[in-house]
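Structure at a glance
Listed here are the chains, written in short residue letters.
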Amino acid sequence: MYQSNSRALDFTFPKLHVGKNFYVDFFAFDPASGSMRRKKYMLDGISGISNRRHHGNFLVAELTKKLLSGWNPFVNCEQNRSFTSFDVCCDRYQSTIDRMSREATRRSYTSHLKKIREYNESLPIPIKYIYQYDTLFVSDYLDYSYIDCEYTARTRNNRRGFCFTFAEFLVQKKYIESNPVEKIPVLTEMEKIRKDLSPEQLHRIRDYLSEHDRHYLLACYLLYYCLIRPKEQSFIRIQDISLKNQTIFIPKSVSKNHRDDIVAVNKKVIMLMIDLHIFDSPGNYYLFGRRFRSSQTRYNSKQFNNRWFLIGLLQGEHGNILTNKALDRIVKFSRANVDFIPNCD
């Protein structure tokens with residue numbers, strides 16, 4: 001059995017045999033018998049040895065290509081694609097994910113698909129064919145997430161949502177007849193409680209950032225005063241900022257509402273930009289690169305949320321006093337996210 005990426009393929013590669021008889025043969029898994037079966041193509045009917053050899057080599061190449069794409073000679077794929085390999089279907093959906101426009105969606109879907117594949121590989125008997133992606137498999141996967149891994153109902157429901165979307169893709173491509181996730185209920189979630197920051201908290205965050213990270217303070221100002229979202233901020237270039245008009249241009253290519261927008265900037269924000277020497281950088285530089293410094297290279301917008309998360313840990317759960325739990329989380333987070341460790345430069 002040929003192995004690729006640690007997964008055994010259910011076929012042997014086609015081979016051309018020459019001699020008294022010319023033929024191409026290979027073995028493939030027959031779902032009906034549950035065993036490997038030989039498939040043979042005779043070439044003796046082609047006149048001329050060179051013609052047989054040429055046709056045989058061409059046939060080997062074509063059969064190899066079809067087998068690697070998930071084709072099985074013992075399944076009528078024209079009418080039933082349910083015996084297509086589970087991994088092949090995952091690879092094809094990953095190709096669809098890679099073409100999605102939103103970076104956050106691509107990242108989220110890729111992570112969800114990876115988790116499903118890892119779960120399948122961890123099973124004593126992993127599923128091999130896409131028809132096995134049924135209600136039982138998905139239900140067991142969600143129970144594993146919710147019960148064994150002790151994730152919240154919200155996380156479990158998010159994973160169910162991805163499983164549903166993946167199943168819709170499979171139905172559309174005729175790999176399965178119906179969506180097996182429809183029968184799986186959504187769990188009741190605890191309501192999210194969002195609270196506005198109090199004036200005292202705002203002052204404490206401002207004082208902390210004024211001392212430790214004024215570049216991130218600028219990002220907070222742009223969100224608080226100008227309502228410019230973190231992802232939109234990550235695309236702002238110095239040339240988009242008009243010092244004369246005190247405005248920032250947000251192009252429709254990065255704007256959430258897909259419209260060009262000119263945002264007014266108040267004097268407080270402009271003065272902070274001047275103090276940070278923002279306008280000393282070339283116009284094509286991004287306002288927020290790595291560590292929120294102006295840079296020629298755009299940096300992932302995830303750094304805005306990561307930095308905010310770390311500020312929450314540094315502020316502690318009770319005023320300015322850090323609990324042992326908060327300290328432990330800071331250590332773990334800082335080790336994994338070196339870019340977001342506070343600095344005073």
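These numbers come from a predicted model, not from an experiment.

1. Quick look at the overall build of the protein chain
- Looking only at helices and strands, the protein chain has 11 helices and eight strands in total.
- Within the span of the protein chain, comprising 345 residues, buried residues form 38% of the whole.
- A fraction of 54% describes how many contacts in the protein chain between residues 6 or more apart in sequence connect residues 24 or more apart.
- Surface exposure of the protein chain reaches about 21,100 Å², of which carbon and sulfur atoms provide 51%.

2. Things to note about the nonpolar core
- Judged by nonpolar contacts, the single largest core of 31 residues is most densely connected at Leu218, Leu222, Ile248, Met273 and Leu287.
- Within the residue set of this core, elements represented by two or more residues are helix H6 (199-212), helix H7 (214-226), strand E7 (247-250), helix H9 (267-275) and helix H10 (302-315).
- At eight residues, the largest contribution of residues to this core is made by H7.
- Other than its neighbours up to four places away in sequence, Leu287 contacts Leu218, Leu222, Ile236, Arg237, Ile238, Ile241, Ile278, Phe292, Arg293 and Ser294.
- Among the nonpolar cores identified, the runner-up in size contains 25 residues, and Cys89, Ile97, Ile130 and Tyr141 belong to it.

3. As for the sheet that holds strand E6 (residues 241-242)
- With antiparallel pairing, three strands are arranged side by side in an open sheet as E6-E7-E8. The sheet is open, and its two edges are formed by E6 and strand E8 (261-264), each paired on a single side.
- Where E6 and E7 come together, two bridges link them in antiparallel fashion. For Ser242, the partnering residue across the bridge sits in E7 and is Thr247.

4. Describing a nonpolar patch on the surface
- A contiguous nonpolar surface patch, about 240 Å² in accessible area, is contributed by Leu243, Met271 and Ile274.
- Inspection of the secondary structure assignment puts Ile274 in helix H9.

5. Observations concerning the side chain of Ser145
- Along the chain, Ser145 turns up in helix H4 (residues 135-148).
- A relative accessible area of 0% places Ser145 in the buried class.
- With residues up to four places along the chain from it excluded, the contact list for Ser145 reads Glu150, Tyr151 and Arg159.

6. Regarding the packing of aromatic side chains
- Applying the stated criterion across every chain, the model contains 22 aromatic pairs.
- Taken together, a centroid distance of 6.4 Å and an interplanar angle of 20° make the contact between Phe26 and Tyr41 stacked. Taken together, the residues span a long stretch of sequence, with Phe26 in strand E4 (residues 23-30) and Tyr41 in strand E5 (residues 35-42) at a distance of 15 residues.
- Taking 5.4 Å as the distance between ring centres and 70° as the angle between the ring planes, the aromatic pair formed by Tyr221 and Tyr225 counts as edge-to-face. A residue pair is termed a helical-turn pair when its members lie 3 or 4 positions apart in one helix, as Tyr221 and Tyr225 do in helix H7 at four residues.
- Among the aromatic residues, ring-to-ring pairing joins Phe86, Tyr93, Tyr109, Tyr119, Tyr133, Phe137, Tyr141, Tyr144, Phe162, Phe166 and Phe169 into one connected group.

Basis of the calculations
- Along each chain, numbering runs from 1 in the same order as the chain's sequence is written.
- Only residues with pLDDT of at least 70 are given local features in this predicted model, and only at 80 or more are side-chain atom pairs given and counted; all residues enter the totals for whole chains, interfaces and linings.
- The basis for every side-chain value is the complete set of non-hydrogen atoms in the structure, without hydrogens or water.
- By the criteria applied, helices consist of DSSP H or I runs no shorter than four residues and strands consist of E runs no shorter than two, each listed in order from the N terminus.
- For the exposure calls, accessible area comes from a 1.4 Å probe over protein chains only, and a residue counts as buried if that area is under 20% of its type's maximum, exposed if over 50%, partly exposed in between.
- Contacts: residue pairs with any heavy atoms within 4.5 Å of one another.
- Note on areas: Shrake-Rupley with a 1.4 Å probe; residue coverage comes only from the protein chains shown.
- Joining through side-chain atoms within 4.5 Å is the link that ties buried Ala, Val, Leu, Ile, Met, Phe, Trp, Tyr and Cys residues into a set, and such a set is a nonpolar core.
- What makes two strands pair is DSSP finding at least two bridges between them.
- Residues qualify for a patch when their relative accessible area is over 30% and they have no salt bridge, like charges being joined within 9 Å and the nonpolar side chains of Val, Leu, Ile, Met, Phe, Trp and Tyr within 5 Å.
- In what follows, salt bridge is the name for a side-chain nitrogen of Lys or Arg lying within 4 Å of a carboxyl oxygen of Asp or Glu.
- Between the rings of Phe, Tyr and Trp (Trp by its six-membered ring), a pair exists once the centres lie within 6.5 Å; its type follows the angle of the planes, with under 30 degrees stacked, over 60 edge-to-face, and the other angles tilted.

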